[in-house]
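# Fold and contact review
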Amino acid sequence: MSRPRITVITPCLNQAPFIERTLCSVLDQGYEHLEYLVVDGGSTDGTAELIRHYQDQLAWWSTRPDEGPADAINRALRHATGEIVAVLPGDDVYLPGALETIAAVMAEADGPGWVIAQGERIGEHDEPLGSLTCAAPRGLAQYLKHELPVAPACATFFRRDLLRRHGQFDHSLSLCFEYDYHCRLLADGVRPRVIDA
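Notes on the structure in this doc start here. This structure is a prediction, so every number in the text was calculated from the model and none was measured.

Here the focus is the overall build of the protein. Scanning the protein from N- to C-terminus turns up seven helices and nine strands. In summary, the protein has a C-alpha radius of gyration of 16 Å against a globular reference of 16 Å for 197 residues, a match within 12%. Judged by the C-alpha coordinates and their principal axes, the protein covers about 45 × 40 × 35 Å. When each of the 197 residues of the protein is scored for burial, the buried share is 47%. Contacts in the protein between residues at least 24 apart in sequence constitute 71% of all its contacts with a sequence separation of at least 6. Accessible area of the protein: about 9,800 Å², with a carbon and sulfur share of 51%. Side-chain charges in the protein split into 17 positive and 28 negative, and the spacing between the mean points of these groups amounts to 8 Å.

Encoded structure:
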């Protein structure tokens with residue numbers, strides 16, 4: 001079965017201690033249909049120079065000041081061509097096989113438009129800091145009341161046509177733009193599939 005193209009977007013700003021590991025965690029997936037876009041917000045700590053070492057393996061990248069991560073993601077989305085889109089911040093990593101797992105789930109005949117996987121919090125030296133577990137919200141009210149943990153952005157995947165229908169991330173929100181987007185989807189009746197992976 002043919003696997004869908006996956007676009008991974010990494011927004012970053014001054015992530016020099018972590019960005020190379022993030023890049024390698026995506027590029028080393030070995031996923032054949034990967035489109036990797038990296039958007040640096042004008043770093044001054046050497047982040048852009050580290051990204052430049054990998055530019056031949058990236059579909060597109062840019063470094064310039066922006067209005068925050070939501071603005072950076074929106075800019076990258078204009079270059080995205082994958083059927084599936086994910087955002088992996090510049091200090092997060094994918095475990096091996098993550099993209100293949102998501103591709104298999106989303107390529108099913110009744111494949112969901114929005115998938116949330118599980119995550120693990122780790123420290124600077126990989127020390128475990130706890131799980132980022134998630135359950136599927138029944139609806140917007142339950143999500144707004146925080147009866148369930150907020151879906152981890154680094155483990156969230158969307159069909160690009162779903163993103164196109166629901167517009168851009170709100171760049172006026174610097175910290176909760178993903179939560180806002182999830183609420184907009186839920187308000188429109190879109191429910192995620194949560195997978196135990």
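Structure shown, so let's carry the discussion forward.
Attention now moves to the pattern of salt bridges. The final tally for this structure, using the stated rule, is seven salt bridges. Where E100 meets R3, a salt bridge forms, and the shortest distance between an N and an O atom there is 2.6 Å. Within this pair, whereas E100 is found in helix α4 (residues 98–106), its partner R3 is found in the segment before β1 (6–12), the two being separated by 97 residues in sequence. With a relative accessible area of 37%, E100 lands in the partly exposed category.

Turning to the pairing of strand β6 (residues 119–122), a few remarks are in order. In the sheet, β6 pairs with strand β7 (residues 128–132) via four bridges, with the strands oriented antiparallel. If you follow R121 over to β7, its bridge partner there is G130. Adjacent in sequence and paired antiparallel, β6 and β7 are bridged by five residues, among which D126 carries a positive phi angle near 70°.

One open sheet holds the seven strands; their spatial order is β3-β2-β1-β4-β8-β5-β9, and the pairing between them is mixed. A single partner strand is all that each edge strand has here, and the edge strands are β3 (60–63) and β9 (193–194). In terms of strand pairing, strand β5 (residues 114–116) meets strand β8 (residues 156–159) through three bridges, oriented antiparallel. Paired with I116 across the strands is T156, a residue of β8. Sitting on the sheet, helix α3 (residues 69–77) is in contact with β1, β2 (34–40), β3 and β4 (84–87), with an inclination near 145° to β1.

How each quantity is defined
Residues numbered from 1 in each chain as written. Predicted model: local features only at pLDDT ≥ 70, side-chain atom pairs only at ≥ 80, totals over all residues. Heavy atoms only, no water. Helix = DSSP H or I, 4+ residues; strand = E, 2+ residues; numbered from the N terminus. Rg over C-alpha atoms; globule rule 2.2 N^0.38 Å. Buried < 20%, exposed > 50% of the residue type's maximum accessible area, 1.4 Å probe, protein only. Contact = heavy atoms within 4.5 Å. Areas by Shrake-Rupley, 256 points an atom, 1.4 Å probe, with all protein chains shown as cover. Lys, Arg positive; Asp, Glu negative; His and termini not counted. Charge placed at Lys NZ, Arg CZ, Asp CG, Glu CD. Salt bridge = Lys/Arg side-chain N within 4 Å of Asp/Glu carboxyl O. Pairing = 2+ DSSP bridges. Axes fitted to C-alpha atoms, helices over the stretch in contact; angles between N-to-C directions.

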